[in-house]
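Secondary and tertiary structure notes
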Amino acid sequence: MIMRNSVVPMDHLSRDLPEGPVAIVGQGRMGTALARSLRDAGTEIVGPLGRDPDVGNAPVVLLCVPDGAIADVAARLRLGIVVGHCSGATGLGVLGEHEGFSLHPLMTITRAAPASFDGCAAAIAGTTQLGSEVARKLAMSLGMRPIAVAEGDRAAYHAAASVAANFLVTVLGLAEDMAATAGVDRGAFLPLVETAFRNWGELGASRALTGPIARGDEKTVALQRFAVGQRCPQSLFLFDALVEATRDLAFNRTVQK
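A brief report on the enclosed structure follows. Nothing here was measured: the structure is a model prediction, and the numbers come from that model.

1. Here we look at the environment of Asp240
Within the secondary structure, Asp240 is located in helix α9 (residues 236-256). Sequence separation between Asp240 and Asp54 is 186 residues; the distance between their C-alpha atoms is 52 Å. A polar side-chain atom of Asp240 sits 2.8 Å from a polar atom in the side chain of Arg225.

2. Some thoughts on the pairing of strand β4 (residues 82-85)
Burial of β4 is two-sided: the residues Val82 and Gly84 facing one way and the residues Val83 and His85 facing the other way are all buried. The sheet contact formed by strand β3 (residues 60-63) and β4 spans four bridges and is parallel. Each bridged residue has a counterpart across the sheet, and for Val60 the counterpart in β4 is Val82. Once you follow β3 into helix α2 (residues 70-75) and on to β4, the crossover reads as right-handed. One ladder, built from four bridges, connects β4 with strand β5 (residues 99-105); its direction is parallel. Counterpart to His85 in the pairing with β5 is Ser102.

3. Some points on the pattern of salt bridges
Across all of its chains, the model carries seven salt bridges by this definition. Measuring nitrogen to oxygen at the nearest pair gives 2.4 Å for the salt bridge that ties Asp72 to Arg76. Owing to a relative accessible area of 41%, Asp72 belongs among the partly exposed residues under this scheme. With a relative accessible area of 43%, Arg76 lands in the partly exposed category. Across the pair Arg247 and Glu218 runs a salt bridge, and its minimum N-O distance is 2.7 Å. In this pair, Arg247 sits in helix α9 while Glu218 sits in helix α8 (residues 218-231), placing the two residues 29 residues apart along the sequence.

Conventions adopted
Residues numbered from 1 in each chain as written. Predicted model: local features only at pLDDT ≥ 70, side-chain atom pairs only at ≥ 80, totals over all residues. Heavy atoms only, no water. Helix = DSSP H or I, 4+ residues; strand = E, 2+ residues; numbered from the N terminus. Polar contact = N/O pair within 3.5 Å; in protein donor to acceptor, adjacent residues only side chain to side chain. Buried < 20%, exposed > 50% of the residue type's maximum accessible area, 1.4 Å probe, protein only. Pairing = 2+ DSSP bridges. Right-handed = clockwise from strand over helix to strand, strands pointing away. Salt bridge = Lys/Arg side-chain N within 4 Å of Asp/Glu carboxyl O.

Printed below as a string of structure tokens:
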């Protein structure tokens, strides 16, 4: 049994992967990246295939298709094979009667650069022990750290991932826009952003917080708000929301001391 939110053990595996190739279904960024990386790691791969796939004799199929298409594609596959998906938010029920698993690399993939899965976490789950071990071994073959996320926690886990990746880029977009109005390119802010990342990773949000709000310097915050309203008025609502959230974080840090 996989314990909720526990790190899945990486040794003492009781069963081997079924003999034969792993079929990757989905020709988008994730399917293409996983197919390439698994092949490079020595796994026999079929694909990436389209959404109406002929998986041949592959005993394991990994669906890298949009969440809304998982159930439909899974239903077209013959029974008797192990079927998984790469969705972070979707549960295992969409796989129907298949012995199933999920494997969600906790990373972002763009078309701009080759993906490397080595060192990142991967949320895994399985409908059976075999399904769990297939997910775990696939993750380990790519150098990922498997973590178990319970069915009822998947939406919360995926929301955290979206905040950490997507929303972060949105916030940095505001920084980029404001910097441009001052004639400063975004690259000048990269060391600042990287240091903030490291501090958050080492200390957590509350202890890593710096800046005028954390210091209680409301005069500077007001000057910043005026500048945003003048230079990027379409983003003033975002700035105000972030100021309030940051005040809450700073207040909670004071209370905890």
